[in-house]
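The primary structure of each chain is shown beneath.
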Amino acid sequence: MLKERLESDLRTAMKARDELVTSTLRMAITAVRNAEVAGEAARELSDEEILSVLTKEAKKRRDAAEAFAGAGREAQAAKERAEEEVLAGYLPAQLSDDDLAGIVRDALAAEGLSGMASMGKAMKAAQAAVAGRAEGGRVAAEVRAQLAKS
C-alpha cells in the first residue's frame, strides 16, 4: 500500500538524516491524514485517493516554485522544485502529449461526445481514462481542442 511505503521511506530518510526527503514525506503524510479525516467520517484512503493527494501536493510545490522564481527568490524556488521531485517519485509517469491526445480521442469516441456543449461529460470521461497520469489542466486543454474540432 502506498501509505505504508511513504511511512517506510520516511523512517529510512530519518535514519539517513536526509532533511529534504524527511520534511517532504512528513508533509505528504500529513496531507494524506488530513484527507482521511476530512468529511463526515474518518476513513482509510485507497491508493488512487492517496495518489490524488500527492498530485495536488506536487502541483502546490510547482506553483510555489514559479511564484518564488518570479519574485526573485531563487533559493526558495529551488527548495520547492526539490520537494516536487521527491513527490514525483511516488506518482505515475506523466503521459506525453501524443499519448494524452490518443487517450482523450478514444474516450470521446467511446462516449460519442462532440461539440463544446458536452465539455462536462467529456472531461469526466477523459479524466477517468487518464487516471491521474496527466494534470487536469493538460487534460482540459486537450479535451477543449478536440471538442472544438468536432
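Structure's up top.
Because the structure is predicted, anything quoted here is derived from the model rather than measured.

A. Broad picture of the nonpolar core. Ranked by size, the top nonpolar core spans 20 residues in total, and within it Leu 6, Leu 25, Ile 50, Leu 54, Leu 87 and Tyr 90 carry the most contacts. Of all the secondary structure elements, the ones that give two or more residues to this core are helix H1 (2-15), helix H2 (19-37), helix H3 (47-70) and helix H4 (74-88). Beyond its immediate sequence surroundings of up to four residues, Leu 25 is in contact with Leu 6, Asp 9, Leu 10, Val 86 and Tyr 90. Within the second largest apolar cluster, 16 residues are counted, among which are Leu 108, Val 130, Val 139 and Ala 140.

B. Just the packing of helix H5 (residues 97-111) against helix H6 (residues 119-130), in detail. Contact pair H5 / H6: the axes reach a minimum separation of 9 Å and the direction vectors enclose 125 degrees. With respect to H6, the element H5 is oriented oblique. Every pair of crossing elements has a handedness; the one defined by H5 and H6 is right-handed. Contacts from Leu 100, Ile 103, Val 104, Ala 107, Leu 108 and Glu 111 in H5 reach Ala 122, Ala 125, Ala 126, Ala 129 and Val 130 in H6. Residues that form the contact of H5 with H6 fall into these classes: 10 nonpolar, no polar and 1 charged.

C. Broad picture of H5. Counted at 1.5 Å a residue, the expected span for H5 with its 15 residues is 21 Å, and the 21 Å between its end C-alpha atoms agrees. All buried positions along H5 are accounted for by Leu 100, Ala 101, Gly 102, Ile 103, Val 104, Ala 107 and Leu 108. The positive-phi residue at the C-terminal boundary of H5 is Gly 112, with phi of around 70 degrees.

D. Region of the structure containing the pattern of salt bridges. By the definition in use, this model includes 15 salt bridges. For Lys 3, the salt bridge is made with Glu 44, and the minimal N-O distance between the two is 4.0 Å. Separated by 41 residues along the polypeptide, Lys 3 in helix H1 and Glu 44 in the loop between H2 and H3 bring together distant segments of the chain. Here Lys 3 falls in the buried class, since its relative accessible area comes to 12%. On the accessibility criterion, Glu 44 (49% relative accessible area) is partly exposed. In this structure, the salt-bridge partner of Glu 83 is Lys 79, at a minimum N-O distance of 2.8 Å. Highlighted residues: Glu 83 and Lys 79, both in helix H4, separated by 4 residues, approximately one helical turn. Given the relative accessible area of 7%, Glu 83 is considered buried. The class of Lys 79 is partly exposed, set by a relative accessible area of 39%.

E. Summary view of the packing of H2 against H4. Where H2 contacts H4, the axes come no closer than 10 Å and their chain directions differ by 65 degrees. As judged from the angle between their axes, H2 and H4 are roughly perpendicular. Note on packing geometry: the crossing formed by H2 with H4 is right-handed. Where H2 approaches H4, its residues Leu 20, Val 21, Ser 23, Thr 24, Leu 25, Met 27 and Ala 28 are matched on the opposing element by Ala 82, Glu 83, Val 86 and Leu 87. The residue makeup of the contact of H2 with H4, split by class, is 8 nonpolar, 2 polar and 1 charged.

Criteria and cut-off values
- Residues numbered from 1 in each chain as written.
- Predicted model: local features only at pLDDT ≥ 70, side-chain atom pairs only at ≥ 80, totals over all residues.
- Heavy atoms only, no water.
- Core = buried A, V, L, I, M, F, W, Y, C linked by side-chain atoms within 4.5 Å.
- Buried < 20%, exposed > 50% of the residue type's maximum accessible area, 1.4 Å probe, protein only.
- Helix = DSSP H or I, 4+ residues; strand = E, 2+ residues; numbered from the N terminus.
- Contact = heavy atoms within 4.5 Å.
- Axes fitted to C-alpha atoms, helices over the stretch in contact; angles between N-to-C directions.
- Parallel < 35°, antiparallel > 145°, perpendicular 65-115°, else oblique.
- Left-handed = near helix turned anticlockwise from the far one by under 90°.
- Nonpolar A, V, L, I, M, F, W, Y, C, P; charged D, E, K, R; others polar.
- Expected span 1.5 Å × (residues − 1).
- Salt bridge = Lys/Arg side-chain N within 4 Å of Asp/Glu carboxyl O.

Interpretation in functional terms is not warranted from these geometric data alone.
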